[in-house]
Every structure is written in C-alpha cells, then in structure tokens.
Amino acid sequence: MKHLTILEEANLVLVRRKGRQRLNFLNAVSLQKMADRWMSHVQSNVASSLLTLQSTIERGVTQMENEFKLDTFQIEQEVRIEAPIEKVFASLTEDINSWWAYRLCGEDSTLSFENEIGGRFIEKGKNSQALWGTITYLHAPYEIRLNGLLGMTGAVTSGYAYTLKEDRGATLLSLSHQASGLLDPNWHSAYEEGWKELLGTFLKNYVEQGKRYNAN
C-alpha cells in the first residue's frame, strides 16, 4: 500500500473506490509522458518498430486464438489540461468536431454532440452515419456519461464517462471506459492507446493551443 500511495501521488496509478474495494489502474497518459522523457526520439521509433514486428509475428502464429471471446475490459486514464473547467467541458461537447480525430464515415464527415439526456454523439458523412454514444447522465461542467460502441461491432455493451475537476486554474479530466461481451482480444490495448491519443494529444492541444485536428 505504501508503494501504491507513492505511485498514486506521482499520478502513475489511478485509484477508483467502490465501497470497501480499492481498484488500482495504470495511468497510460502519465506513463507515456515518462517514457517519452527518458527515451530519445530515435530509440522510441526503434522500440516501436520492434514491438510492431513482434506483434505481427505473434498474430500469425496465434491467429486461431485471436477470435472474438466473451470478455471484459476497463480503461482508466487521467490528463491535466491547462484551461478552466468550462472551456474543457465545452471542447468535449460543443467543439467535438474540432479535435476528435477518429472517423467512421470518411475524413469529410462531421461530428456533433447533443448536449442533453438522450442526446447523441453522432458522426454524419456523405453516405453514412455512425452513433458514437448516447448521453445517459449530464452534470455540466463536471461529468458526462455515455453508452456507445465507439466503433466496436457485435454483441458488445460499452459505456464511458468523463469526470472533470478544477485544480489551481487547470482541469483534471478523468476517463473511465468499460466494455463487455464478445470482444476482439486486441481491442483493450487499441482503445487504451486511442483514448490516450484523443485526450492526451488532440484534445489537450486543441484546448491549450487552439490546434484543430486536420486529417491532411
């Protein structure tokens, strides 16, 4: 517990309490920042290439094992954004099209967020539409909960939530994402990396620097 407390104070471990249970999760955003700080750009690229090669080989060897399985995963992340809580909340909702980089209906599609209970987080393309989530709880500017597959398919139940806290003029944004059902074994790591990029890079850059996502 002493070690976990130190890791929590360093923002490397996130703690979620449920009754008498204490659940500990690695904070992928802070861990990535630490890795970037200690590794040079060249070393990072080499390591990533080796991991990609390893993953490709292992997928070929264990292809039969990578079928959809009845499983569950939970992702917990936290990112600090140097901006008032109202601005971060508005970016998560009203300005979603400016920074959300992932698209299901083509690069020319638009994203919108209906800021009310039952409202949709929806993407509209030229010939297709995709529902990223439906709002189930809203307490502006502190919390949003949604149910949504986020691109997953099949017999899956998925929900995710944003919690915002003021911290000395900045905002601590926490993400919690749970999914269960027939899952692809690669989805957990893929969505963990996806959230880290979306919130820790694209959203953070948009709020702090006004940098919009540009597919080109």
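Residues numbered from 1 in each chain as written. Predicted model: local features only at pLDDT ≥ 70, side-chain atom pairs only at ≥ 80, totals over all residues. Heavy atoms only, no water.

A word on the packing of aromatic side chains
Next up, step 1: Counted by the stated rule, this structure contains twelve aromatic pairs.
Next up, step 2: Plain terms: the ring middles of Phe68 and Trp187 are 5.4 Å apart, the flat faces sit at 90 degrees to each other, and that makes the pair edge-to-face. One end of the pair, Phe68, is in the loop between α3 (41-61) and β3 (69-81); the other, Trp187, is in helix α6 (residues 187-209), with 119 residues separating them in the sequence.
Next up, step 3: Ring pairing ties together the aromatic residues Trp99, Trp100, Phe113, Phe121, Trp132, Tyr160, Tyr162 and Trp195, which thus form one cluster.
Next up, step 4: One residue, Arg145, lies across the ring of Tyr137, its end atom 4.0 Å from the ring centre. (Phe/Tyr/Trp six-rings, centres within 6.5 Å; stacked < 30°, edge-to-face > 60°. Helix = DSSP H or I, 4+ residues; strand = E, 2+ residues; numbered from the N terminus. Lys NZ or Arg CZ within 6 Å of the ring centre and 35° of its normal.)

Some points on the pattern of salt bridges
Next up, step 1: Summed over all chains, the structure comprises nine salt bridges.
Next up, step 2: Note that Glu114 and Arg120 form a salt bridge whose closest N and O atoms lie 2.8 Å from each other.
Next up, step 3: Here Glu114 falls in the partly exposed class, since its relative accessible area comes to 26%.
Next up, step 4: Put simply, Asp167 and Arg168 hold a salt bridge, and the shortest N to O gap is 3.2 Å.
Next up, step 5: For Arg168, a relative accessible area of 75% corresponds to the exposed category.
Next up, step 6: Among the ionic contacts, a cluster of salt bridges with common partners joins Arg80, Glu82, Asp167 and Arg168. (Salt bridge = Lys/Arg side-chain N within 4 Å of Asp/Glu carboxyl O. Buried < 20%, exposed > 50% of the residue type's maximum accessible area, 1.4 Å probe, protein only.)

Here's the deal with unusual backbone geometry
Next up, step 1: Following Ala140, the chain continues into Pro141 via a peptide bond in cis, with omega recorded as -5 degrees.
Next up, step 2: Examined against the element boundaries, Pro141 turns out to sit in the loop between β6 (129-139) and β7 (143-147).

Here we look at the pairing of strand β5 (residues 120-124)
Next up, step 1: Two elements, strand β4 (residues 110-113) and β5, share four bridges in a ladder whose sense is antiparallel. By the bridge assignment, Thr110 is partnered in β5 with Lys124.
Next up, step 2: If you look at the hairpin formed by β4 and β5, you'll find six residues sitting between the two strands, and Gly118 has a positive phi there, around 85 degrees.
Next up, step 3: Note: β5 against β6, five bridges, orientation antiparallel. Its bridge partner lying in β6, Phe121 is registered against Gly133.
Next up, step 4: Between the end of β5 and the start of β6, which pair antiparallel, lie four residues. (Pairing = 2+ DSSP bridges.)

Some remarks on the nonpolar core
One broad rule of soluble globular proteins: the nonpolar side chains tend to lie buried together.
Next up, step 1: The biggest cluster of nonpolar side chains holds 40 residues, and the ones touching the most others in it are Trp100, Tyr162 and Trp195.
Next up, step 2: With eight residues, the single largest contributor to this core is α6.
Next up, step 3: Residues in contact with Tyr162, not counting those within four places in the same chain, are Leu92, Trp100, Tyr142, Glu143, Ile144, Leu146, Leu173, Ser174, Leu175, Trp195 and Leu199. (Core = buried A, V, L, I, M, F, W, Y, C linked by side-chain atoms within 4.5 Å. Contact = heavy atoms within 4.5 Å.)

A few points about helix α4 (residues 85-93)
Next up, step 1: Counting buried positions along α4 gives seven out of nine residues, so the element sits mostly inside the fold.
Next up, step 2: Regarding α4, the residues found buried are Ile85, Val88, Phe89, Ala90, Ser91, Leu92 and Thr93.

A short note on the confidence of the model for the protein
Next up, step 1: In the predicted model, the protein carries a mean pLDDT of 87, and 84% of its residues have values of at least 70.
Next up, step 2: Ranking the helices and strands of the protein by mean pLDDT puts α4 first, with 98, and α3 last, with 57.
Next up, step 3: Low pLDDT, under 50, characterises residues 61-65; the stretch is placed with one contact to residues that sit more than four places away or in other chains. (pLDDT = per-residue confidence, 0-100.)

Looking at the side chain of Thr93
Next up, step 1: Summarising the element assignment, Thr93 is placed in helix α4.
Next up, step 2: Ignoring anything within four residues of it in the chain, the contact list for Thr93 reads Phe113, Asn115 and Ile144.

Comments concerning the pairing of β6
Regular strands have side chains that alternate between both faces of the sheet.
Next up, step 1: Pairing of β6 with β7, which is carried by five bridges, proceeds in the antiparallel orientation. When the bridges of β7 are listed, Ile135 appears paired with Leu146.
Next up, step 2: The hairpin turn running from β6 into β7, its antiparallel successor, is three residues long.

Side note on the side chain of Ser91
Next up, step 1: Residue position: Ser91 is located in helix α4.
Next up, step 2: Discounting residues that sit within four places of it in the chain, Ser91 has contacts with Ile96, Trp99, Leu203, Tyr206 and Val207.

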